[in-house]
Amino acid sequence: MFDKVLIANRGEIALRVLRACKELGIATVAVHSTADSEAMHVKLADEAVCIGPPPARDSYLNVSQLLAACEITGADAVHPGYGFLSENARFAEILDDHGIVFIGPKAEHIRIMGDKIAAKQTAKRLGIPVVPGSDGGVSEDGEALRIAREIGFPVIIKAAAGGGGRGMKVALNEDEMSVALSTARSEAKAAFGDDAVYIEKYLQKPRHIEVQVIGDGRGKAVHLGERDCSLQRRHQKVWEEAPSPALNASERERIGSTVAKAMADLGYLGVGTVEFLYEDGEFYFIEMNTRIQVEHPVTEMITDIDLVNEQIRIAGGAELSFTQDDVKLNGHAIECRINAENAATFRPSPGKITQWHVPGGLGVRVDSHAYQGYTIPPYYDSLAGKLIVHGKTRTECLMRLRRALDEFVVDGIETTLPLFRTLVRNPDMQDGRYDIHWLEKQLADGLMDD
Ligand code: MV4
């Protein structure tokens, strides 16, 4: 196992990784920008190295600074967390060239999944159901039109280099095709320096369901059930839960075993998430994330498996500590992302936290780097913490969540807590009746007005 892990991230995930390292008896190195000198992970790590000024490109994304920090401290592995360099295949290779382990998948798998066309072709080859559409990129309007007619309108045009919702255009009919294609191409070129696009049938009211997997890189892989991340605004997840209220046990088993077998065949190493759109009882692959995700705790709560611990041990060459048969899905978990934002407008609200009182009690978990007196800097994402609640049933989980939300006190900054207090009392939410458009529609209809 590793002696010393450098945590190439900040905020709650840096703390989450630090906790896993401590429990494994591994020494920790925090790196931080000058804006994060007072951060919790910096205080708790065995060593800390300042790697640059506030802008991420000069600090958390600065590969030479990170290599220097590894060199100075003698770290033998790097945990990238999520965001920043976590899905950068080149970074994984550079670390490898320096004899430092990247705690994540093989670089080749990061690279494949980063190219959305290659990812989809790989998924299809591995027997994962995909959205009907072009087999690869489409370079000519005539070809695009032929495919669109074949699969039927509406269609969606996506950037190969995109993902997470960037660079997509919907065409409702033939007349909209040529404008949709050219805007998608020019936006993709401007945003990613690559104008390759592909076409899919546009699903109108899907849910976003993602399957958690973990592989040993040697042909063993296990799934840990799914998370329902349909509740989102502008491609930012707001509320995640496991299991999905929309699936029955046989659908869960079908998609889980399909994904586990595919990842075993791929020789996938470490944790990963295969994302699907789910509509009318069918799953359609859209993307794969090759990192630990923000919402991983809901899976941990229902499986009692420490995903970051497994991730670190597997990167160190260990076996999976469990088999598929050992995985028992237990009860229900919901995560609320507590952002430093206005709950109605989502305008960021960085600043000093003057009161921070977190809820407790059975089945309540708060993953946060915040504390009373901490100042949320304006340079990074606005995640101040995550409230994760577990219960034997979804109903119990909702009751506990309502109670925990009412206990949570944050002063000095605005947070999304008021949004969750509204959501947890909403009949559609209580019934699990929501798709990827539900929240935006409710907000437009005045959910958070006055
Ligand atoms: C789609 C889709 C409908 N049909 N693909 C957005 C993020 C990117 N990961 C894929 N996305 C979508 N792909 C087809 N064929 C609708 C979306 C989509 C979406 C997906 C997941 C979660 C939130 C979303 C919000 C808007 C659109």
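Here the structure is a predicted model, which means the values were calculated and not measured.

*Asks:* Explain the layout of surface pockets to me, please; I cannot follow it from the model alone.
*Replies:* Empty space among the atoms becomes apparent when a probe as large as a water molecule is rolled across them. Computed from the structure, the second largest pocket encloses a volume of approximately 210 Å³. Around the second largest pocket sit 13 residues that line it, and Asp-96, Val-101, Phe-102, Gly-104 and Pro-105 are the ones nearest its centre. Contributing elements (two or more residues each) for the lining of the second largest pocket: α4 (89-97), β5 (101-102) and α11 (307-315). Examining the composition of the lining of the second largest pocket, we find that 3 residues originate from one element, α4, more than from any other. For the lining of the second largest pocket, the class distribution of residues is 9 nonpolar, 1 polar and 3 charged.

*Asks:* When you look at the state of the cysteines in this model, what are you seeing that I'm missing?
*Replies:* In protein structure, a disulfide is the covalent linkage between the sulfur atoms of two cysteines. According to the stated counting rule, one finds 0 disulfides in the structure shown. Take Cys-229: it sits in no disulfide, and the sulfur closest to it among the cysteines is that of Cys-336, at 13 Å.

*Asks:* What's the story with the environment of Ile-338 in this structure? I'm lost.
*Replies:* You can see Ile-338 is positioned in strand β14 (residues 332-339). For the pair Ile-338 and Pro-154, spaced 184 residues apart in the sequence, the C-alpha separation amounts to 35 Å. Excluding residues within four positions of it along the chain, Ile-338 makes contact with Ser-382, Leu-383, Ala-384, Gly-385, Leu-387, Phe-408, Thr-415, Thr-416, Leu-417 and Phe-420.

*Asks:* Could you clarify how one ought to interpret the nonpolar core in this entry?
*Replies:* General note: in soluble globular proteins, nonpolar side chains tend to be found buried as a group. In terms of nonpolar packing, the biggest core is built from 39 residues, with Leu-231, Trp-239, Leu-387, Leu-401, Leu-419, Leu-423 and Leu-439 touching the most fellow members. Residue assignment for this core shows that the elements contributing at least two residues are β11 (236-242), β14, β19 (383-391), α12 (394-407), α13 (417-423) and α15 (438-444). The contacts of Leu-423, once residues within four sequence positions are left out, are Leu-231, Val-238, Trp-239, Met-429, Trp-438, Leu-439 and Leu-447. Counting residues in each nonpolar core, the second largest holds 34 residues, with Ile-13, Leu-269, Ala-315 and Val-327 among its members.

*Asks:* I would appreciate a short explanation of the sheet that holds β19 in the present structure.
*Replies:* One key point about sheets: their strands pair by backbone hydrogen bonds, in either a parallel or an antiparallel sense. The sheet built from 8 strands is open, its strands ordered β13-β12-β9-β10-β11-β14-β19-β17 with antiparallel pairing. Looking at which strands have only one partner, the edges of the open sheet turn out to be β13 (282-289) and β17 (364-367). Neighbour-to-neighbour, the strand axes of the sheet open up by a mean angle of 25°, direction not taken into account. Two strands pair when backbone bridges link them, and strand β9 (residues 207-216) and strand β12 (residues 269-279) are joined in this way by 10 bridges, in the antiparallel orientation. Bridge assignment links Gln-212 to a residue of β12, and that residue is Thr-273. Packed onto the sheet, α12 meets β11, β14, β17 and β19 and runs at close to 140° relative to β19.

What counts as what
Residues numbered from 1 in each chain as written. Predicted model: local features only at pLDDT ≥ 70, side-chain atom pairs only at ≥ 80, totals over all residues. Heavy atoms only, no water. 1 Å grid on protein atoms, 1.4 Å probe; cavity = no way out; pocket = protein on both sides within 12 Å on 5 of 7 lines; lining within 4 Å. Points joined across faces, edges and corners; volume = space filled by probe spheres on them. Helix = DSSP H or I, 4+ residues; strand = E, 2+ residues; numbered from the N terminus. Nonpolar A, V, L, I, M, F, W, Y, C, P; charged D, E, K, R; others polar. Disulfide = S-S within 2.5 Å. Contact = heavy atoms within 4.5 Å. Core = buried A, V, L, I, M, F, W, Y, C linked by side-chain atoms within 4.5 Å. Buried < 20%, exposed > 50% of the residue type's maximum accessible area, 1.4 Å probe, protein only. Pairing = 2+ DSSP bridges. Axes fitted to C-alpha atoms, helices over the stretch in contact; angles between N-to-C directions.

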